[in-house]
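Now for the letters of each chain:
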Amino acid sequence: MFLLAMRSIRHHPGRFLATLLSAFLGAAIIMTFNSLHDTAAQDGVDPTSAETLSTAAGVVGGYGTLLVFFAVASTLTVNVRQRAAELALLRCSGATPAQLGRMVVGEAVAVALVGAALAIGPAMLGGQALLEVFQDSGQVAESVDHSFGPIALMTGIGITLLASAGAAFLAVRRATRGHERRGGARKFLAYAALLTGAASVSSTFVFSATDAALMAPPAYGAILLSVGFALRAPRLLEGVLDRLPLSGASGWLAVRNLRERAGHLAGILMSLILFAAVATATLTMQAVESDAVEASGLTKSVDAKNLETLNFTVVGIIAVFVCVMLVNSLYAATSYRAREFGQQRLAGATPGQVLGTVGAETLILTVTGVLFGMVAALAGIVPFTVVRTDGVLPGEAYGIGAAVVAIAAAVTLGTSLVTARRMLRTPAVGAVAVAS
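Residue positions within a chain follow its written sequence, with the count starting from 1. Only residues with pLDDT of at least 70 get local features here, since the model is predicted, and only at 80 or more are side-chain atom pairs given and counted; chain-wide, interface and lining totals rely on the full set of residues. Excluding hydrogens and water, the side-chain figures rest on all heavy atoms present in the structure.

Named according to an unreviewed UniProt entry, the chain is Transporter originating from Streptomyces regalis. UniProt positions are given in the numbering used here, feature names are shortened, and annotations may be inferred rather than shown by experiment. Recorded under Sequence similarities (unreviewed entry), the UniProt text for the chain is reproduced unchanged: "Belongs to the ABC-4 integral membrane protein family." Its UniProt record, at the heading Subcellular location (unreviewed entry), says of the chain: "Cell membrane".

A separate point is the overall build of the chain. Numbering of helices and strands runs from the N terminus, with a helix taken as a DSSP run of H or I at least four residues long and a strand as a DSSP run of E at least two residues long. Each helix and strand in the chain was counted, giving 16 helices and zero strands. For the chain, with 436 residues in total, the buried portion stands at 50%. Note on areas: Shrake-Rupley with a 1.4 Å probe; residue coverage comes only from the protein chains shown. Accessible area of the chain: about 19700 Å², with a carbon and sulfur share of 66%. For every residue, the accessible area (1.4 Å probe, protein chains only) is compared with the maximum for its type, and the residue is labelled buried under 20%, exposed over 50%, or partly exposed between those bounds.

The next subject is the packing of helix H9 (residues 233-242) against helix H14 (residues 351-389). One way to put it is that H9 packs onto H14 with a least axis distance of 10 Å and a crossing angle of 115°. The element H9 and its partner H14 pack so that their crossing is right-handed. Touching Leu-236, Leu-237, Val-240 and Leu-241 of H9 are Ile-364, Leu-365, Thr-368 and Phe-372, all from H14. Polar here means any residue other than Ala, Val, Leu, Ile, Met, Phe, Trp, Tyr, Cys and Pro, which are nonpolar, and Asp, Glu, Lys and Arg, which are charged; Gly is therefore polar. Class assignment for the residues of the contact of H9 with H14 results in seven nonpolar, one polar and no charged. The axes are straight lines fitted to the C-alpha atoms, using for helices just the contacting stretch, and the angles between their N-to-C directions are given from 0 to 180°. Each crossing is labelled by how the near helix is turned from the far one, with a counterclockwise turn of less than a right angle marking it left-handed and a clockwise turn marking it right-handed. Contacts are residue-level and defined by heavy atoms, with any inter-residue pair within 4.5 Å sufficient.

Our focus in this paragraph is the pattern of salt bridges. For this document, the term salt bridge refers to a Lys or Arg side-chain nitrogen within 4 Å of an Asp or Glu carboxyl oxygen. One pass over the full model with this rule turns up two salt bridges. Residue Glu-289 is joined to Arg-388 by a salt bridge in which the shortest nitrogen-to-oxygen separation is 2.7 Å. Of this pair, Glu-289 sits in helix H11 (residues 266-296) while Arg-388 sits in helix H14, placing them 99 residues apart in sequence. Judged by its relative accessible area of 21%, Glu-289 falls in the partly exposed class. Classification of Arg-388 by relative accessible area gives buried; the value is 17%.

All right, on to a nonpolar patch on the surface then. Residues form patches when they are more than 30% accessible in relative terms and have no salt bridge. Like charges link within 9 Å. Nonpolar side chains (Val, Leu, Ile, Met, Phe, Trp, Tyr) link within 5 Å. A surface patch of nonpolar side chains, amounting to about 390 Å² of accessible area, comprises Leu-378, Val-392, Leu-393 and Tyr-398. Relative to the elements of secondary structure, Tyr-398 occurs in helix H15 (residues 396-424). For Tyr-398, a relative accessible area of 56% translates into the label exposed.

Mapped onto the fold, Thr-280 is located in helix H11. Each polar contact in these results corresponds to two N or O atoms within 3.5 Å; when the atoms are within protein, one needs to be able to donate a hydrogen and the other to accept it, and residues that are neighboring in sequence are counted only if both atoms are side-chain atoms. Within the local environment of Thr-280, its side chain forms a polar contact with the backbone oxygen of Ala-276, the two atoms lying 2.7 Å apart. Residues contacting Thr-280, with those up to four places away along its chain left out, are Phe-275, Met-374, Ala-377, Ile-381, Ile-400 and Val-404.

Glancing now at H14. With 39 residues, H14 extends 53 Å between its outermost C-alpha atoms, agreeing within 8% with the 57 Å of an ideal straight helix rising 1.5 Å per residue. Looking one or two residues past H14, Asp-390 carries a phi angle of roughly 70°, positive in sign. Working rule for helices: expected span equals 1.5 Å times residues minus one.

The next point concerns the packing of H14 against H15. In the contact formed by H14 and H15, the axes pass within 9 Å of each other and the chain directions differ by 155°. Regarding the angle of H14 to H15, the classification is roughly antiparallel. The chirality of how H14 crosses H15 is right-handed. Touching Pro-351, Val-354, Leu-355, Val-358, Gly-359, Thr-362, Leu-363, Thr-366, Val-370 and Met-374 of H14 are Gly-401, Val-404, Val-405, Ala-408, Ala-409, Thr-412, Leu-413, Ser-416, Leu-417, Ala-420, Arg-421 and Leu-424, all from H15. Tallied by class, residues from the contact of H14 with H15 come to 15 nonpolar, six polar and one charged. Note that the term roughly parallel is reserved for angles under 35 degrees, roughly antiparallel for angles over 145, roughly perpendicular for angles of 65 to 115, and oblique for everything else.

We now examine the side chain of Ser-147. When you line up the elements, Ser-147 lands in the loop between helix H5 (97-136) and helix H6 (150-177). Accessibility expressed as a relative area gives 19% for Ser-147, which makes it buried. For Ser-147, the contacting residues outside a window of four places in its chain are Ser-35, Asp-38, Thr-39 and Gln-42.

We now examine the environment of Val-206. In this fold, Val-206 is placed in the loop between helix H7 (184-202) and helix H8 (216-231). Along the chain, Val-206 and Val-387 lie 181 residues apart, while their C-alpha atoms are 9.1 Å from each other.

Each nonpolar core is a collection of buried residues, namely Ala, Val, Leu, Ile, Met, Phe, Trp, Tyr and Cys, held together in the definition by side-chain atoms within 4.5 Å. Leu-36, Leu-53, Phe-229, Leu-237, Ile-268, Leu-365 and Val-404 are the most contacted members of the largest nonpolar core, which totals 68 residues. Residue ranges for the domains trace back to a domain assignment, done automatically or taken from a database. When we break this core down by domain, the ones giving at least three residues each are domain 1 (1-177) and domain 2 (182-435). Listed in part, the 15 residues of the second largest apolar core include Val-104, Val-105, Ala-165 and Val-172.

The next point concerns the environment of Glu-396. When you line up the elements, Glu-396 lands in helix H15. In this structure Glu-396 comes out as partly exposed when scored by relative accessible area, which is 24%. It is 8.7 Å that separates the C-alpha atoms of Glu-396 and Met-285, two residues lying 111 residues apart in sequence. Residue contacts for Glu-396: discarding those within four places in its chain leaves Ala-287, Val-288 and Asp-291.

As structure tokens, this is what we get:
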């Protein structure tokens, strides 16, 4: 099966590009920040600089691990589902589910290893640039030199390989078992995240307005709530579709397609929810905190500066990573539908009607993801604002929320429509024949 996996990669490299890019970006993020652990562990680094570097590495390293798993899982799930016919043929030829699992896991690990190796150089440069950011803001001494050592390498390569192997195993397991089981573990994790997130958000009211740790409970609570919503993405999408009053051919067909592909689109919806929640909650709470400090006439402490830098860095990384993940997943999911688009055109649909259907589908997905992401974000923003300023909904939330919505819509609609238009350039008969 290992030889079959290597042959599959060699003969069909295009199908693994999305997975390779996800592994590359994930490993680069993890190694970039974990190199700060290597830097902090050097001899001669003062305690304040070491604490700043270790805190940044620990916080963002945790986010990075979660992002890598979500990204690789999303792309691998699409990849495995697109190969359903190939896997079924192998089953008919005598391959067991265990053998298919080893083949897919072997492919994922090999691709992830290449991605992690390619990420070493960019991670070195990224770690150096990140250290300079901390030094320019006065949070780390100028005398500290960047170090890229065993912690960065072991965590970057190890986490990427484990995430890829785990995501591939789960994807092929679902594909080979079909709909025999409903995923009790996923439901349990979703409700656990929602309950823990609600408890974390509620604990905000225990803190005082000037408490240094005030932002932590609502921020982590919003993230956990978004994870819970993300894990229930197919169910949330079905609930939204049940309440949509769409009419017209494109609207009806979009709802029908989304119902049939709700499970396939879970990764895209998860990405949208996480992006909207984390970006909106973090940036809004940081803006409220900065405005409150400025209004009081006080200067920010070193810890406050560290937190601000971390918040902006985390949001920037998540925004870039999730946008790339969305582009990967949407491109793979849309390009796979070439035969479907060809069949629709042979049945009488015009290219404009096909694009209209794709646009309606993507718009529904975007609205659903952003809606539940904003709910999770507001669950953290409102308690924080009440305790910090005695207000309820800060004015900063409107501008930041609008920017997040605009970015999400531009990425999803742009990728889906551009990819669909490209697929429509192939004549309908040719698209059906090639995909068959």
